[in-house]
Amino acid sequence: MPSRLLYLVRHAEQDRPEEEADTGLSARGRRQATLLGERLRGTDFAAVHHGPARRAAETAALVAAALPGVPVHEDDRAGDHMPHDTDPAVLPEPYAAFLAGFTERERRDGPRVTAEAVARFATAPAEGDVRELVVTHNFLVAWLVRHALEAPERRWIGLNHQNAGLTVIRYTPAAPPTLIALNDVAHLPPDLRATGLPPAYRV
């Protein structure tokens, strides 16, 4: 039976994340990405895909250094997009306030690009077994987890992933998607974990 193992990674820690600019990775982020590459060394990936943001591209490059011969592709579908223009009336007030910060264009274009990402990455292949790595952002990982679990569309909000956290989903034509790993950071020492999370979410 053909299958796709989709490895999803939120980019490593960004340098000066409080700034609007895409500043690339911090020193901690570079270490996170390097350790993730070591964990994935030897995995038979067909390709590594990453979004256009500098923090995603740098993460992908450091991971790919441990994967000689695996092609690396920039793909806007793996970018940082608002995945769904969720009705604020069905959300808790803090989530509704968060969504209010998106522009009309982001509300229009984000769901379209996210739907294209689902069609490209979140399906079973026609034949064979395929493993692909997508270095992306919290929103897309959350959306693909929600999609795999067939959860309500509004549940993409509140699914927060650690920097360099690993999520793996398996797709086959004969069964619903299987969530194999979620937000796994076993490759990181304690001092490099929980970055990218709100303080209240750190355990």
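Calculation notes
Residues numbered from 1 in each chain as written. Predicted model: local features only at pLDDT ≥ 70, side-chain atom pairs only at ≥ 80, totals over all residues. Heavy atoms only, no water. Helix = DSSP H or I, 4+ residues; strand = E, 2+ residues; numbered from the N terminus. Buried < 20%, exposed > 50% of the residue type's maximum accessible area, 1.4 Å probe, protein only. Contact = heavy atoms within 4.5 Å. Areas by Shrake-Rupley, 256 points an atom, 1.4 Å probe, with all protein chains shown as cover. Lys, Arg positive; Asp, Glu negative; His and termini not counted. Charge placed at Lys NZ, Arg CZ, Asp CG, Glu CD. 1 Å grid on protein atoms, 1.4 Å probe; cavity = no way out; pocket = protein on both sides within 12 Å on 5 of 7 lines; lining within 4 Å. Points joined across faces, edges and corners; volume = space filled by probe spheres on them. Nonpolar A, V, L, I, M, F, W, Y, C, P; charged D, E, K, R; others polar.

Novice: Give me the overall build of the chain: which residues, what numbers.
Specialist: What the chain contains, in helices and strands, is 5 helices and 6 strands. Going residue by residue from the N terminus, the α and β elements of the chain occur as β-α-β-α-β-α-α-β-α-β-β. Seen through its principal axes, the chain has C-alpha atoms that stretch 45 × 45 × 30 Å. A buried classification covers 49% of the 203 residues belonging to the chain. Considering only contacts within the chain whose residues lie at least 6 apart along the sequence, 72% involve residues at least 24 apart. With the model as given, the accessible surface of the chain reaches about 9,900 Å², and the carbon-plus-sulfur share is 52%. A distance of 4 Å separates the average location of the 23 positive side-chain charges in the chain from that of its 27 negative side-chain charges.

Novice: Before we move on, could you go through the layout of surface pockets and cite the residues and values that matter?
Specialist: If you add up the space inside the second largest pocket, you get close to 240 Å³. Lining the second largest pocket are 13 residues, with Asp80, His81, Met82, Phe102 and Glu106 sitting closest to its centre. Sorting elements by how many residues they give to the lining of the second largest pocket places helix α4 (residues 104-121) first, with 6 residues. Its residues placed into classes, the lining of the second largest pocket shows 4 nonpolar, 3 polar and 6 charged.

Novice: I'd like a description of empty space enclosed by the protein, backed by residues and values.
Specialist: One pass over the full model with this rule turns up 1 cavity of 30 Å³ or more. If you add up the space inside the largest cavity, you get close to 30 Å³. In terms of lining residues, the largest cavity is bounded by Arg77, Gly79, His81, Val113, Thr114, Ala117 and Leu140. With 3 residues, the single largest contributor to the lining of the largest cavity is α4.

Novice: Could you give an account of the environment of Pro83, with specific residues and numbers?
Specialist: Among the secondary structure elements, Pro83 is positioned in the loop between β3 (72-74) and α3 (93-99). Separated by 32 residues in the primary sequence, Pro83 and Ala115 have C-alpha atoms spaced 7.9 Å apart.

Novice: Help me get a handle on the side chain of Thr43, residues and values and all.
Specialist: For Thr43, the location among the structural elements is in the loop between α1 (27-40) and β2 (47-50). Overall, Thr43 belongs to the buried group, its relative accessible area being 18%. When sequence neighbours within four positions are dropped, the list of residues in contact with Thr43 reads Tyr7, Leu67 and Arg131.

Novice: Give a detailed account of the environment of Arg41, specifying residues and quantitative values.
Specialist: With respect to the helices and strands, Arg41 occurs in the loop between α1 and β2. Taking relative accessible area as the criterion, Arg41 reaches 47% and is therefore assigned partly exposed. Those residues within four positions of Arg41 in sequence are excluded, and the remaining contacts are Ala66 and Leu67.

Keep in mind these numbers describe shape, not what the thing actually does.
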